[in-house]
Amino acid sequence: WKWAFLMGKVDGAPLGLNLVEGFVREAECAAFYDGKVYPLGEGRIEGKDATSPWAVGTTTGETRLDFAPLGAHADRTNLGIVRASFVQPVGLYSGAMRLGDRELRLTDVLGVTEDQSVVW
């Protein structure tokens, strides 16, 4: 699965975002802005490592963000029948989100992304 999360202020109001691609799909996808919850489509998260930019959006198109990694936690484990590959960069989000009738412009909002693959 892949995951994207951010938290900060946009236009003076608190903003939080949680997106998931795979696993539980859109059931966990929402934005929290200025005291309101906005359900979002399933995440579309393109990126694999901590050195290259990621593209973060939703299946319904209301979120279009670029993510610039600054550093990361990563782990790779291979025990034969049990394998795991995990990277979780921390970095900055910029781009646009439509929440209801409001278009938000984000510039350098702190957050994380995650790409995790587990086989057992």
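This is a predicted model, so every value here is computed, not measured.

Caption draft 1: Structural detail: the environment of Pro89. Assignment of secondary structure puts Pro89 in strand β8 (residues 83-99). Of the residues examined, Pro89 reaches a relative accessible area of 0% and is grouped as buried. Linking Pro89 and Asp34, residues 55 residues apart in sequence, is a C-alpha distance of 26 Å. Leave out the neighbours within four places in its chain, and Pro89 touches Asp49, Ala50, Trp54, Phe67, Pro69, Gly71, Ala72, Gly111, Val112 and Thr113.

Caption draft 2: Structural view of the environment of Val87. Structurally, the position occupied by Val87 is in strand β8. The spatial distance from the C-alpha of Val87 to the C-alpha of Arg105 is 27 Å, given a sequence separation of 18 residues. Beyond its immediate sequence surroundings of up to four residues, Val87 is in contact with Lys48, Asp49, Ala50, Trp54, Ala72, His73, Ala74, Thr113, Glu114 and Asp115.

Caption draft 3: Seen up close, the packing of aromatic side chains. All told, the structure shown has three aromatic pairs when counted by the stated rule. Look at Trp54 and Phe67: their rings are 6.4 Å apart centre to centre, the planes differ by 80°, and that puts the pair in the edge-to-face class. Of the two residues, Trp54 is situated in strand β6 (residues 54-58) and Phe67 in strand β7 (residues 63-78); the sequence distance between them amounts to 13 residues. In terms of burial, Trp54 and Phe67 fall into one category: buried. Relative to Tyr93, the ring of Phe67 lies with its centre 4.7 Å away and its plane at 50°, an arrangement referred to as tilted. With Phe67 in strand β7 and Tyr93 in strand β8, the pair connects residues that are 26 residues apart, well separated along the chain. Taken together, Trp54, Phe67 and Tyr93 form an aromatic cluster joined through their ring pairs.

Caption draft 4: Just the pairing of β7, in detail. As judged from the four bridges shared by β6 and β7, these two strands associate in the antiparallel manner. By the bridge assignment, Ala55 is partnered in β7 with Asp66. If you look at the hairpin formed by β6 and β7, you'll find four residues sitting between the two strands, and Gly61 has a positive phi there, around 85°. Relative to β8, β7 is paired through 15 bridges, and the arrangement is antiparallel. In the strand pairing of β8, Ala68 is matched with Leu92. Counting the residues between successive antiparallel strands, the hairpin from β7 to β8 contains four residues, one of them, Gly80, with a positive phi of roughly 85°.

Caption draft 5: Structural view of a nonpolar patch on the surface. Judged by side-chain polarity, Leu79, Ile81, Val82 and Trp120 come together as a nonpolar surface patch covering roughly 560 Å² of accessible area. When you line up the elements, Leu79 lands in the loop between β7 and β8.

Caption draft 6: Quick look at unusual backbone geometry. For Asp11, which is not a glycine, the phi torsion comes out positive at approximately 55°. The backbone of Asp34 shows a phi angle near 50°, a positive value even though the residue is not glycine. Relative to the assigned elements, Asp34 resides in the loop between β3 (30-33) and β4 (36-39).

Analysis parameters
- One numbering rule holds for all chains: residues counted from 1, following each sequence as written.
- Selection of residues for local features in this predicted model requires a pLDDT of at least 70, selection of side-chain atom pairs for listing and counting requires 80 or more, and totals for whole chains, interfaces and linings are taken over all residues.
- Excluded from the side-chain calculations are hydrogens and water; all other atoms, namely the structure's heavy atoms, are used.
- Under the scheme used here, helices are H or I runs from DSSP no shorter than 4 residues and strands are E runs no shorter than 2 residues, and both carry numbers assigned from the N terminus.
- Buried means the residue's accessible area, taken with a 1.4 Å probe over protein chains only, is under 20% of the maximum for its type, while exposed means over 50%, and partly exposed covers the values in between.
- Only heavy atoms enter the contact rule, under which two residues are in contact if any of them lie within 4.5 Å.
- Two rings from Phe, Tyr or Trp (for Trp, the six-membered ring) form a pair when their centres sit within 6.5 Å of each other. Planes less than 30 degrees apart are called stacked, planes more than 60 degrees apart edge-to-face, and all others tilted.
- Two strands pair if DSSP finds at least two bridges between them.
- Here a patch means residues that are over 30% exposed by relative accessible area and free of salt bridges, tied together within 9 Å if like-charged and within 5 Å if nonpolar (Val, Leu, Ile, Met, Phe, Trp, Tyr).
- To be clear on the numbers: accessible area is Shrake-Rupley with a 1.4 Å probe, and residue cover counts the displayed protein chains and nothing else.
- Just to be clear on terms, a salt bridge is a Lys or Arg side-chain nitrogen sitting within 4 Å of an Asp or Glu carboxyl oxygen.

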